[in-house]
Amino acid sequence: MRRYLGAFLLTAVLAVPAATVLRADDDRDDHERKEHRYKRYYDADGRDWHEWNEHEDLAWRHYWDEKHEAYHDWAKANREERRDYWRWRHDHPDAVVVPDRH
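Residues numbered from 1 in each chain as written. Predicted model: local features only at pLDDT ≥ 70, side-chain atom pairs only at ≥ 80, totals over all residues. Heavy atoms only, no water.

**Student:** It is not clear to me how the overall build of the protein should be interpreted in this structure. Could you clarify?
**Tutor:** Broken down by element type, the protein carries four helices and two strands. The order of α-helices and β-strands along the protein, N terminus first, is α-β-β-α-α-α. Counting across all 102 residues of the protein, residues that qualify as buried make up 21%. Considering only intrachain contacts with a sequence separation of at least 6, the fraction spanning at least 24 residues in the protein is 41%. Total accessible area on the protein stands at roughly 8600 Å², and carbon and sulfur atoms take up 55% of it. (Helix = DSSP H or I, 4+ residues; strand = E, 2+ residues; numbered from the N terminus. Buried < 20%, exposed > 50% of the residue type's maximum accessible area, 1.4 Å probe, protein only. Contact = heavy atoms within 4.5 Å. Areas by Shrake-Rupley, 256 points an atom, 1.4 Å probe, with all protein chains shown as cover.)

**Student:** Sorry if this is basic, but what is going on with the pairing of strand β2 (residues 48-52) here?
**Tutor:** The side chains of a regular strand alternate between both faces of the sheet. Examined bridge by bridge, strand β1 (residues 39-43) and β2 share five bridges and lie antiparallel to one another. The residue bridging Lys39 from the neighbouring strand is Trp52, located in β2. Between β1 and β2, which pair antiparallel one after the other, the connecting turn spans four residues, and Arg47 there sits at a positive phi close to 55°. (Pairing = 2+ DSSP bridges.)

If you want it as structure tokens, here you go:
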């Protein structure tokens, strides 16, 4: 009986760290996948979709700087502000608004 109990405890002690490492890798992979999921917004006037990412956020900030108005988050923008932004954005491509930083 002692032999079986000893073998069981040894197996349990060795298995817990291995399971923890595997779970940590799964969490990291999930986090990496979530980092690259961006919200998409439909521009009815432009009849196209826009992905809200770091570049779009920089462009949104640039938009408010150019208007000389106080910045606020996209999430707090009303429908008219969003519509005006998409109009402005079509006239300001990434190369103008978000220059390559390399």
